[in-house]
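# A structural walkthrough
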Amino acid sequence: MEKDKKIYVAGHTGLIGSAIARELKKQGYQNLLFINHSSLDLRNQQEVNCFFEHEKPDYVFMAAAAVGGVAANDRLPATFFYDNMAMGLNVIHASYNAGVKKLLYLGSNCIYPKDAPQPYKETSLLTGSLEKTNEAYAVAKIACLKMCEFYNREYGTDYISCMPCSAYGPGDSFDPENSHVIAALINKFHEAKVNQSPQAVMWGSGKPYREFIFMDDIARAAVFLMKHYSGNETVNIGTGMEYTIGELAEVIRSVVGYEGKIIHDTSKPDGVPKKLIDSSKLYAMGWKPEIPFEQGIRITYEEYVKQQTALKYGAGQRKTGGEKKCQKY
């Protein structure tokens, strides 16, 4: 990626998109293109086409997504399917029409079959059935990464995809109804600590294993791949370390400083037993993660506390201005 070329980061206000934007700036890329959802609805094909025709970005990081934890995936399958399908299809096709040089599409490790051998290799894709609780999200992600492959084959484009393990970090959604497990537990234990609750209830048995990666490591990997990788096969981004949800809860409780009892609500779903991915392909290219797990949890909690303090004292409102509506192009 040449430093003077225009780079569009779709989803720049989200967890991974914001980290990619920071990493690009850190590496000296200044010609960055951002636009908020209020000014461009990526689900709207006409708006997306109009935006790409006007801006003509050279490179695209497709990090925009409708995401959530087990509860949100189970409750909103149609929403997650439609939103992620529409955003992916529109951005990828508009990139082709606008002559984008290279595109990176970010997926999720939930694309792999629930019974595939552990750790998941990239070749495990589409070799079995998916976990039902996040099937809608996974199908949409699979369709879009395959779209990248099909455009490469038919049109000679250079569109790549990567599959991070479970992401976490500052900027994640801490909504108890829609958040991923780390953000949900941080919020739950903090509230229990503040309210001096003797116990905190968490979903599931705590027995499933999960692999987590700090968002800044995903961002570094995404920029690395944009520079060094071309190919139709997706690339896993992980740490190679896994923890049970119960172990994760204990780490977070320690960081938060909550001393109450943890109660497991086993009536709630656990999801797949394990989701470890094989990142040896990426490691062989020369990339490795940098942020230790507990350090990442501490950074995330510190930012969460700052956010809660800002909201409490009315300083959480951030004005955004200057974005151009697509209709004005």
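I will try to describe carefully the structure that is included in this document.

Procedures and definitions
- Residues numbered from 1 in each chain as written.
- Predicted model: local features only at pLDDT ≥ 70, side-chain atom pairs only at ≥ 80, totals over all residues.
- Heavy atoms only, no water.
- Salt bridge = Lys/Arg side-chain N within 4 Å of Asp/Glu carboxyl O.
- Helix = DSSP H or I, 4+ residues; strand = E, 2+ residues; numbered from the N terminus.
- Buried < 20%, exposed > 50% of the residue type's maximum accessible area, 1.4 Å probe, protein only.
- Expected span 1.5 Å × (residues − 1).
- Core = buried A, V, L, I, M, F, W, Y, C linked by side-chain atoms within 4.5 Å.
- Contact = heavy atoms within 4.5 Å.
- Pairing = 2+ DSSP bridges.
- Right-handed = clockwise from strand over helix to strand, strands pointing away.

### Details of the pattern of salt bridges
- With the rule as written, the count across this model stands at 17 salt bridges.
- Between arginine 253 and glutamate 250 there is a salt bridge, and its shortest N-O distance comes to 2.8 Å. Linking arginine 253 with glutamate 250, this pair stays in helix H8 (residues 245-256), spanning three residues, or about one helical turn.
- Since its relative accessible area comes to 17%, arginine 253 is described here as buried.
- Exposure remark for glutamate 250: the relative accessible area of 39% places this residue in the partly exposed category.

### Regarding helix H4 (residues 77-97)
- Over its 21 residues, H4 runs 30 Å from end to end, which matches the ideal 30 Å to within 8%, given 1.5 Å per residue.
- Among the residues of H4, Phe80, Asp83, Asn84, Met85, Ala86, Met87, Gly88, Asn90, Val91, Ile92, Ala94 and Ser95 are the ones counted as buried.
- A positive backbone phi angle near 75 degrees is found at glycine 99, which sits one or two residues after H4.

### Some details on the nonpolar core
- Counting 74 residues, the largest nonpolar core has Tyr8, Ile20, Leu24 and Phe61 as its most contacted members.
- For this core, the leading source of residues is helix H7 (residues 215-228), giving nine residues.
- Other than its neighbours up to four places away in sequence, isoleucine 20 contacts Val9, Phe61, Ala63, Leu106, Ala219 and Ala222.

### Examining the sheet that holds strand S1 (residues 7-10)
- Judged by pairing direction, the sheet is parallel, and its six strands sit side by side in the order S2-S1-S3-S4-S5-S10 without closing on themselves. The open sheet has two edge strands with one neighbour each: strand S2 (32-33) and strand S10 (235-237).
- Bridge analysis of strand S4 (residues 102-106) against strand S5 (residues 159-164) gives four bridges, and the strand direction is parallel. Residue pairing for S5: tyrosine 105 is matched across the bridge by serine 161.

### Notes on the pairing of S4
- Counting buried positions over the five residues of S4 gives five, a clear majority of the element.
- Covered by surrounding structure in S4 are Lys102, Leu104 and Leu106 together with Leu103 and Tyr105, the residues of both alternating faces.
- Relative to S4, strand S3 (residues 59-62) runs parallel, the two being bridged by four bridges. Residue methionine 62 lies in a different strand from S4, and its bridge partner there is tyrosine 105.
- Once you follow S4 into helix H5 (residues 135-155) and on to S5, the crossover reads as right-handed.

### Overview of H7
- If you check H7, its first and last C-alpha atoms are 20 Å apart, about what 14 residues at 1.5 Å a residue would give, namely 20 Å.
- Restricting attention to buried positions, one finds in H7 the residues Met215, Asp217, Ile218, Ala219, Arg220, Ala221, Ala222, Val223, Phe224, Leu225 and Met226.

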